[in-house]
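Each chain, letter by letter, is given below.
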Amino acid sequence: MTNGVFDIAVIGGGMAGASVASRCSENARVVLLESEDHPGYHSTGRSAAAFVASLSAENDVLRILTQTSRDFLCSPPEVFEVPSLLNQRGVLTLYNEDAYASLETTYSHLQHYGFDVSRVGQDFITGRIPMVREPYTSAALYESDAHDIDVHALHQGYLRLLKAHNGVVRTGAGVSNLRRINELWEIETATGSITARVIVNAAGAWADQLGAMAGCDPIGLNPLRRTAVLVDPPDNCDVADWPMVLVQDAGFYFKPEAGKIMVSPADEIPGPPCDAQPDELDIAIAVDYLQQALDLDVRAVSHSWAGLRSFVADRTPVVGFDPQVEGFFWMAGQGGHGIQTAPALADLAAALVLGESIPPYLSDAGFEGDAISPCRL
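Residues numbered from 1 in each chain as written. Predicted model: local features only at pLDDT ≥ 70, side-chain atom pairs only at ≥ 80, totals over all residues. Heavy atoms only, no water.

Brief notes about the pairing of strand β7 (residues 139–143)
The condition is simple: Only protein chains enter the accessibility calculation, which uses a 1.4 Å probe; a residue is then buried when its area is under 20% of its type maximum, exposed when over 50%, and partly exposed in between. Going along the chain from the N terminus, every DSSP run of H or I of four or more residues is numbered as a helix, and every run of E of two or more is numbered as a strand. If DSSP finds at least two bridges between two strands, the strands pair.
β7 sits mainly inside the fold: five of its five residues count as buried. Of the two faces of β7, both are covered, the one formed by Ala139, Leu141 and Glu143 as well as the one formed by Ala140 and Tyr142. Bridge count for strand β5 (residues 91–95) against β7 is five bridges, and the pairing is antiparallel. Across the sheet, the residue bridging to leucine 92 is tyrosine 142, located in β7.

Listed below in structure tokens is the structure:
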């Protein structure tokens, strides 16, 4: 059974796939293929949901994509059904005495790139997080331009936009085979066959596996598991207005989440593409880190989960047509930045897929397309 002929088949219904499919559908016939029953089941649905611009400072590509996505996230189109996808949170980075030199280096670096960051001391720290323990009460950096992202509204808005442009979404449509015949792709899925001129590989941690089906060389994608847990704050302790907190020396973070405290050990555990599940040891490490930083006795974990953050060697996204396999477009390797860069990355990818120029706002910001091309690998 043939289920249709399309200009573009986007494989993977997470944030990357939904966003680029919606943008391409403005000028092309697009189908979005998702193997799960609901799009966004894996990494998109397990994101930390944070927009922290300074976390992209070390990578010019990610920094530009993050900064140029901000306006869209602040004021999305009406189809997204919310006035803003961002809720101001702020981020506080705590340092112990041994890390004060690092604080000054980081402060100078972030100022150089124009981030709104300031040095703060004990009064500010304990005023925002009264439960902080020594040695983290003396010095910190505070960045005001950090926000919670409404990931669900962003993802669903892109899916609505796709459907508004007559795009098609197929769920439960895992891909079993790809064939290139007469300048068209024949895509065998669990729900039937699809024909398309171009495949966009937005399969997340499975992107190299999908590439292999098409005869592409691997891009060296490395899926890394990250764990998160939710714990209850003490009775009568309202954490809703806490900032997100990064602990510099230990490398973990925590933030308010639905009246509870979400903490992650910021682990990066290599493994195969899978439905990632939290490991008991990583859960215990997260709880221990939190109890070291806060005057808090964690008696139980309310909920725990894990997600995969996928990177290539240089930790820069891979976006562009494969150098050897015609009509096969990569959109992979966003790592932990896929949500906060989604608007700009979708505009960029759609322009490349459709043979258009890079959006002027990206060129004006100094973006260079070669930095993300699969040809660099």
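Observations regarding the pairing of β5
On any regular strand, side chains alternate: one points to one face of the sheet, the next to the other face. Of all five residues making up β5, five are buried, and the element is well covered by its neighbours. In terms of strand pairing, β5 meets strand β14 (residues 244–247) through four bridges, oriented parallel. Following the sheet pairing, valine 91 is matched in β14 by methionine 244.

Thoughts on the nonpolar core
Rules: Here the nonpolar core consists of buried residues drawn from Ala, Val, Leu, Ile, Met, Phe, Trp, Tyr and Cys, with membership extended through side-chain atoms lying within 4.5 Å. By the convention used here, residues are in contact when the closest approach between their heavy atoms is within 4.5 Å.
By size, the foremost hydrophobic cluster in this structure holds 55 residues, and its most contacted members are Ile8, Val10, Val30, Leu154, Val200, Met331 and Phe367. Ranked by residue count, the leading element in this core is helix α8 (residues 342–353), at seven residues. With residues near it in sequence (within four places) discarded, valine 30 still touches Phe6, Ile8, Val10, Ala21, Cys24, Ser25, Leu162, Gly167 and Val168. Trp242, Ile261, Ile283 and Val298 belong to the second-largest nonpolar core, a separate cluster that totals 28 residues.

Some thoughts on helix α5 (residues 151–164)
Our working rule: To estimate how far a helix should reach, multiply one less than its number of residues by 1.5 Å.
Taking 1.5 Å as the rise per residue, α5 with 14 residues should run 20 Å; its terminal C-alpha atoms sit 20 Å apart, in good agreement. Taken residue by residue, α5 has Val151, Ala153, Leu154, His155, Gly157, Tyr158, Leu159, Leu161 and Leu162 as its buried positions. Against the buried residues of α5 lie α1 (15–24), β2 (30–33), α2 (60–74), β8 (146–149), β9 (168–170) and α8. At the exit of α5 stands asparagine 166, carrying a positive phi of roughly 65°.

Re the side chain of aspartate 208
Cut-off, in case you're wondering: In summary, the charge assignment counts Lys and Arg as positive and Asp and Glu as negative, without counting His or the chain termini. Salt bridge, as applied in this entry: a Lys or Arg side-chain nitrogen positioned within 4 Å of an Asp or Glu carboxyl oxygen. Side-chain atoms alone can form a polar contact between residues adjacent in sequence; in general such a contact is a pair of N or O atoms within 3.5 Å, and within protein one must be able to donate a hydrogen while the other accepts it.
When you line up the elements, aspartate 208 lands in helix α6 (residues 207–213). With no salt bridge to any partner, buried aspartate 208 finds its closest opposite charge in arginine 376, at an N-O distance of 11 Å. At 2.9 Å, the side chain of aspartate 208 and the backbone nitrogen of leucine 221 are in polar contact. With near-sequence residues (within four places) excluded, aspartate 208 lies in contact with Pro218, Ile219, Gly220, Leu221 and Trp330.

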